[in-house]
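So the chains spell out like this:
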Amino acid sequence: MARIAPLICLFISLFATIPGIGQTKLDSLLPVRGFCIAAPLPKQLDAFIQFINEELATRQVNTLILRVDYNYQFGSHPELRDSLALSKREVKKIVKACQKHNIRLIPQINLLGHQSWASKTGNLLRVYPDFDETPSVKMPEKYIWPNEDGLYCKSYCPLHPGVHAVVFDLVDEICDAFEADAFHAGLDEVFYIGHDKCPRCSGRDKAELFAGEVTEIRNHLALNNRKLWMWGDRLIDGKTTGIGMWEGSFNNTHRAIDLIPKDVMICDWHYERPDQTAVYFATKGLSVITCPWRKPGFAVTQTQDMVRFRKSVTPVMRERFQGMMQTVWSGAGPFLDEFYGKNAAAEAGANTPSNCFRAMFDEIGKLSTTP
Ligand SMILES: [Zn+2]
């Protein structure tokens, strides 16, 4: 038996490299093998499509989340477009590249939170200031954290009677353009919710407000048979776990984990430690994907954990451990420069998103050829 073992290994690794057979093994190891990045600007489109063809497809990435926000020439609300934004024709080029490689393409617009960044108000609240949860908080000329207002990012008021008509137009239009069967709504790092001065939200339970918004978005998407994906941090108790106020919640939204529909996909990001909160989400009945950023060692551990969870749990739980997704928080252009060594940040050392991406997919490849 010992003598034929290497032959068996050779046989398995040979089959793992043949498209179709290897694909099945990979799908069973990790159903979702994802990559998340800002949508490219129009001038970066060709380079980005080349990256899809040469780097994502070859690593058998099967899910691409593009953070679009207002980088699209919306017809339903032209007033919300960025000045430089992707046209429908340009988006179709991305759609075609992804279809060629069987990559599921999921667009993202940040809903609820992240309606401003540093001292800049995002397009939604700039054009529709009435939707602001905290109109009394003025944007600073020079943003610093921490600050007296506790301003990280602005939120829209989830109970404003006009907000959903506008944002759901955008959601529908972008899902149509990207030919998507799922939409990522962001929903991370919502610090302003149920604010004391909001005439609609003050005094309300923040977990119920958060869950109400998640449910409303989920139900809207369901009208077109689309699924909701979201970041998981607001559903983790940041105090009790010691995970903190960024990767967890300090304002009691975490109880929403028991209030949201179970068919929402949770993207569980942890960048400072390989926290094993995927188990928590799965135990609550939610499907979950673990997301690293720029620490290759953690990405490898998180990948091994995800595979181990899938092997060690009941069949009911197994289906909820859906896989891994590399997240990139720079724009597509700077990431491609870093990836191809054109603009390597020396001070970052080995801890870069491109190194993390390579390490995670190397590990997935390794595990998929291990008998
Ligand atoms: Zn409100």
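Preceding this paragraph is the structure being described.
Please read these numbers as outputs of a predicted model, since none were measured by experiment.

**Student:** Explain the sheet that holds strand S8 (residues 265-269) residue by residue, including any values.
**Tutor:** Two orientations exist for strands paired in a sheet by backbone hydrogen bonds: parallel and antiparallel. Read once around its circumference, the closed barrel built from 8 strands follows the order S1-S2-S3-S6-S7-S8-S9-S10, with strand pairing classed as parallel. The mean inter-strand angle of the sheet, taken between neighbouring strand axes irrespective of direction, is 25°. Inspection of the sheet shows strand S2 (residues 63-67) paired to strand S3 (residues 104-111) by 5 bridges, in the parallel sense. Counted as the bridge partner of isoleucine 65 is isoleucine 106 from S3. Docked against the sheet, helix H14 (residues 353-368) engages strand S1 (32-38) and strand S10 (321-327), running at close to 150° with respect to S10.

**Student:** Mind laying out helix H3 (residues 45-56), listing which residues take part and the relevant values?
**Tutor:** Along H3, the positions that sit buried rather than exposed are Leu45, Phe48, Ile49, Phe51, Ile52, Glu55 and Leu56. One side of H3 holds all its buried residues, which, seen down the axis, span an arc of 160°. Considering only its buried residues, H3 is in contact with S1, S2, helix H4 (88-100), helix H13 (332-339) and H14.

**Student:** Break down the packing of H13 against H14 for me, citing the residues and quoting the values.
**Tutor:** Where H13 meets H14, the closest approach of the two axes is 8 Å, and the angle between their N-to-C directions is 70°. By the criterion of interaxial angle, the relationship of H13 to H14 is roughly perpendicular. Residue-level inspection shows Phe335, Glu338 and Phe339 of H13 in contact with H14, the latter providing Pro353, Ser354, Phe357 and Arg358.

**Student:** So, unusual backbone geometry: which residues are in play, and what are the values?
**Tutor:** In this model, tryptophan 145 is joined to proline 146 through a cis peptide bond whose omega is 0°. Within the secondary structure layout, proline 146 lies in the loop between helix H5 (123-127) and helix H6 (163-177). Positive phi, normally seen in glycine, also occurs at aspartate 69, with a value near 50°. Tracing the chain through its elements places aspartate 69 in the loop between S2 and H4. You will see that glutamate 179, though not glycine, has its phi angle at about 50°, which is positive. In this fold, glutamate 179 is placed in the loop between H6 and strand S6 (182-186). Take glutamate 179: its relative accessible area is 46%, and that puts it in the partly exposed class.

**Student:** Can you lay out the environment of leucine 125 for me, pointing to particular residues and giving the numbers?
**Tutor:** Here leucine 125 shows up in helix H5. It is 9.7 Å that separates the C-alpha atoms of leucine 125 and leucine 80, two residues lying 45 residues apart in sequence. Excluding residues that lie within four positions of it along the chain, leucine 125 makes contacts with Gln115, Phe131, Asp132, Lys154, Ser155 and Tyr156.

**Student:** Can you lay out helix H11 (residues 296-312) for me, pointing to particular residues and giving the numbers?
**Tutor:** Between its terminal C-alpha atoms H11 stretches 24 Å, which fits the 24 Å expected from 17 residues at 1.5 Å a residue. Along H11, the residues classified as buried are Pro296, Ala299, Gln302, Thr303, Asp305, Met306, Val307, Phe309 and Arg310.

**Student:** Break down the coordination of the zinc ion for me, with residues and values.
**Tutor:** Around the zinc ion, the protein contributes the donor atoms Glu133 (OE), Cys157 (SG), Cys198 (SG) and Cys201 (SG), which lie 2.1 to 2.3 Å from the metal centre. Each of the 4 donor atoms bound to the zinc ion contributes to angles spanning 100 to 117°, and the resulting shape is tetrahedral. Written as a sequence motif, the donor residues of the zinc ion are E-x23-C-x40-C-x2-C. Of the two residues, cysteine 157 sits in the loop between H5 and H6 while cysteine 201 sits in the loop between S6 and helix H7 (206-222), which places them 44 residues apart along the sequence. Here the two residues cysteine 157 and cysteine 201 agree in accessibility, since each one is buried.

**Student:** Kindly report on the side chain of asparagine 110, identifying the contributing residues and their values.
**Tutor:** Within the secondary structure layout, asparagine 110 lies in strand S3. Side chain to side chain, asparagine 110 and glutamine 108 meet in a polar contact 3.0 Å long. With residues up to four places along the chain from it excluded, the contact list for asparagine 110 reads Asp69, Gln115, Ala185, Gly186 and Asp188.

**Student:** Go over the packing of aromatic side chains, please, and point to the residues and values.
**Tutor:** Scanning all chains against the criterion turns up 25 aromatic pairs. Here the aromatic rings of tryptophan 269 and tyrosine 271 are separated by 5.0 Å at their centres, their planes lie at 45°, and the arrangement is tilted. The residues tryptophan 269 and tyrosine 271 share a single accessibility class, namely buried. Sitting over the face of the ring of phenylalanine 250, lysine 239 holds its NZ or CZ atom 5.4 Å from the ring centroid. Residue placement shows arginine 358 over the ring face of phenylalanine 339; its charged tip is 4.0 Å from the ring centre.

**Student:** Kindly report on the pattern of salt bridges, identifying the contributing residues and their values.
**Tutor:** Applying the stated criterion to the full structure yields 16 salt bridges. Of the charged contacts in the structure, one is a salt bridge between arginine 59 and glutamate 55, with a shortest N-O distance of 2.7 Å. The partner of aspartate 181 in a salt bridge is arginine 104, with the nearest N and O atoms 2.9 Å apart. Here aspartate 181 is found in the loop between H6 and S6, whereas its partner arginine 104 is found in strand S3, with 77 residues between them in sequence. Judged by its relative accessible area of 39%, aspartate 181 falls in the partly exposed class. By relative accessible area, arginine 104 is classed as partly exposed at 30%. Sharing partners across several salt bridges, the network here consists of Arg218, Lys227 and Asp263.

**Student:** Report on the nonpolar core, specifying residues and quantitative values.
**Tutor:** In terms of nonpolar packing, the biggest core is built from 93 residues, with Phe35, Leu64, Leu66 and Phe210 touching the most fellow members. Broken down by element, the residue count for this core peaks at 9 residues, all from H6. Counting residues in hydrophobic clusters, the runner-up holds 14 residues, among them Ile65, Cys267, Trp269 and Cys291.

Cut-offs used in this document
Residues numbered from 1 in each chain as written. Predicted model: local features only at pLDDT ≥ 70, side-chain atom pairs only at ≥ 80, totals over all residues. Heavy atoms only, no water. Pairing = 2+ DSSP bridges. Helix = DSSP H or I, 4+ residues; strand = E, 2+ residues; numbered from the N terminus. Axes fitted to C-alpha atoms, helices over the stretch in contact; angles between N-to-C directions. Contact = heavy atoms within 4.5 Å. Buried < 20%, exposed > 50% of the residue type's maximum accessible area, 1.4 Å probe, protein only. Arc of directions from axis to C-beta. Parallel < 35°, antiparallel > 145°, perpendicular 65-115°, else oblique. Expected span 1.5 Å × (residues − 1). Donors = N, O, S within 2.8 Å, 3.2 Å for Na, K, Ca; no water. Tetrahedral: all angles 85-135°; square planar, octahedral: opposite > 155°, others 65-115°. Polar contact = N/O pair within 3.5 Å; in protein donor to acceptor, adjacent residues only side chain to side chain. Phe/Tyr/Trp six-rings, centres within 6.5 Å; stacked < 30°, edge-to-face > 60°. Lys NZ or Arg CZ within 6 Å of the ring centre and 35° of its normal. Salt bridge = Lys/Arg side-chain N within 4 Å of Asp/Glu carboxyl O. Core = buried A, V, L, I, M, F, W, Y, C linked by side-chain atoms within 4.5 Å.

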